[in-house]
Amino acid sequence: MSDIVRKRRVLIVGAGGFAGGWIVEEALRRGLDVWAGVRASTSRKYLADERIKFVEFDFDNPASLAGSLSAALPEGEAWDWIVYNLGATKCLRFSDFDRINCEYLRNFLQAIKSSGKIPEKLLYISSLSAAGPIAESDGHPISEEDIPQPNTRYGTSKLKAEMLLHMEGIPFIIFRATGLYGPRDKDYFLMFESIGKGFDFSVGYKKQLLTFLYITDLASAIFDALEKAPAGETYNVAHPGVYSQKDFRRLASLEMGKRLVIPVKVPLWGLRIVSAVAEKIGVAKGKPSTLNRDKYNIMAQRNWSVDVGKARRDFGFAPKVDLREGIRKSVEWYKQEGWLK
C-alpha cells in the first residue's frame, strides 16, 4: 500500500480581514489544509467554505494564545506554514499601533514556541510604509536595500514588528506590500465612491508616483513565496506599473461611466489641518478616523514606486492584474453588492 501524502497545513492569522479572506480562498484553491485564525467576534461572511477549520484567538489575553494553538492540532504536530495578516492601519490612539502591530505579534511568536507549533515558515504581511519616504528626492524605486526611515506611527510599528521576527528565531518571510485593493476593500472604495459622485480629491501639487497590488495577486504571491523563497528575507510586493492620481481617476471614471469628474487638489497645509480636526472628532466619537495626522504623512509621500526585482528573482513574482483590469473587477463587484449605484 502506498503512503498517503498529507496536505500541507496552513494557519492564516487575521483571516477575517479584507486580505485575509482572499488569502484563505487562495489556500483552498491550491488544495491546502486551511485553518483560519480569527477573534470570537470576527465576521465569517467570507469564510463560509466548509473545508475551513477555525482557531479563535484572544490577543488581549496573551496567556490564552498557546492554549488555542495547542488545542487546534495534536501534540507534536504543527502547521507547515503560518501567514500572519493581523494588524491595524488606523487606531483611536497612536499607542494602539504598538499594541496591535507589535505586542500582539510578540505574544503570538512566543505562544508558537511555548506550544511547540513552530512552522517551516511564517510569512508576515508588513507594509511599504515600514520603509517610509526614503526616495523622495530622486524618485528611485524603493528597494529592500534602502535603509528604512518610516515617518508614521503605523509604519514605525510595522518596522518594529519586522525587527521582532529577526529576534525571535522563527523562520520568516516579510512582505512589504504597497496599496492593496480589490473587491471587499473599504479604503479604496472611498475613492471610487467620490469619483462616482463626480469629484476626485488629490493631495499636493507635486506629482505623486503611486503603485498598487490587486488582492488576488498578493494571495498568489504569498504561497509562491512560501513554496520557493528562502527564509529570513524581506520582499517588496507591488504591480510594477507606476501611476499618477490622474491615471487612477481616468481608469475609474471610464469603468464607472462617468464622463465628467472634477479633479480637486488639496494643498498639503490644508490636508494637515483637516487631518488634525478629523482625528479629534474621531477621538470624541470613540471611533478611529480614516483621515488623521498619521494618514496625512502617508498621503503626503510623493514616491511609492517599488523595485520588485528581488521577489521576481526568488519566487517568480509576476502580478497578473494591472490597474485597469483591477479597477474593472473592483467596480463590477461594488456595483453587484450595491456599494456603488
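Reference entry: report on the structure contained in this document.

The rules behind the values
Residues numbered from 1 in each chain as written. Predicted model: local features only at pLDDT ≥ 70, side-chain atom pairs only at ≥ 80, totals over all residues. Heavy atoms only, no water. Pairing = 2+ DSSP bridges. Helix = DSSP H or I, 4+ residues; strand = E, 2+ residues; numbered from the N terminus. Axes fitted to C-alpha atoms, helices over the stretch in contact; angles between N-to-C directions. Contact = heavy atoms within 4.5 Å. Parallel < 35°, antiparallel > 145°, perpendicular 65-115°, else oblique. Left-handed = near helix turned anticlockwise from the far one by under 90°. Nonpolar A, V, L, I, M, F, W, Y, C, P; charged D, E, K, R; others polar. Phe/Tyr/Trp six-rings, centres within 6.5 Å; stacked < 30°, edge-to-face > 60°. Buried < 20%, exposed > 50% of the residue type's maximum accessible area, 1.4 Å probe, protein only. Core = buried A, V, L, I, M, F, W, Y, C linked by side-chain atoms within 4.5 Å. Salt bridge = Lys/Arg side-chain N within 4 Å of Asp/Glu carboxyl O.

Topic: the sheet that holds strand β1 (residues 9-13)
- One open sheet holds the 7 strands; their spatial order is β3-β2-β1-β4-β5-β6-β10, and the pairing between them is parallel. Either end of the sheet is taken by a strand with one partner, and the two such strands are β3 (53-56) and β10 (233-237). Shown here is a sheet whose adjacent strand axes are inclined to one another by a mean of 20°, direction ignored.
- Taken together, the 5 bridges between strand β6 (residues 172-177) and β10 define a ladder with parallel strand orientation. Bridge pairing in β10 links arginine 176 to asparagine 236.
- In this fold helix α1 (residues 18-29) packs onto β1, β2 (33-38) and β4 (81-84), with an angle of close to 170° to the strand it touches most, β1.

Comments concerning the packing of α1 against helix α6 (residues 215-228)
- Their axes nearest at 9 Å, the elements α1 and α6 cross at an angle of 55°. The pairing of α1 with α6 is recorded here as oblique in orientation. Remark: the crossing between α1 and α6 carries right-handed chirality. From α1, Phe18, Ala19, Trp22, Ile23, Glu26 and Ala27 reach across to α6, where they touch Ile215, Thr216, Leu218, Ala219, Ser220, Ile222 and Phe223.
- Here the contact of α1 with α6 is composed, by residue class, of 10 nonpolar, 2 polar and 1 charged.

Observations regarding the packing of aromatic side chains
- Within the structure shown, the criterion is met by 26 aromatic pairs.
- Centroid distance tyrosine 334 to tryptophan 339: 5.4 Å. Interplanar angle 25°. Geometry classified as stacked.
- Look at tryptophan 339 and you get partly exposed, because its relative accessible area is 27%.
- Pairwise contacts between aromatic rings join Tyr181, Tyr188, Phe189, Phe192, Phe212, Tyr214, Tyr243, Phe248, Trp333, Tyr334 and Trp339 into one cluster.

As for the nonpolar core
- The biggest cluster of nonpolar side chains holds 103 residues, and the ones touching the most others in it are Phe108, Phe175 and Phe223.
- With 9 residues, helix α3 (residues 95-115) is the largest single contributor of residues to this core.
- Once residues lying within four places of it in the same chain are set aside, the contact partners of phenylalanine 223 are Val10, Ile12, Ile23, Glu26, Ala27, Arg30, Leu32, Trp81 and Val83.

Quick word on the pattern of salt bridges
- Here the structure, examined in full by the defined rule, presents 22 salt bridges.
- With its nearest N and O atoms 3.3 Å apart, the salt bridge here joins aspartate 60 to arginine 99. Residue aspartate 60 is found in the loop between β3 and α2 (65-72), and its partner arginine 99 is found in helix α3; the two are separated by 39 residues along the sequence.

The analysis is restricted to geometry; functional conclusions fall outside its scope.
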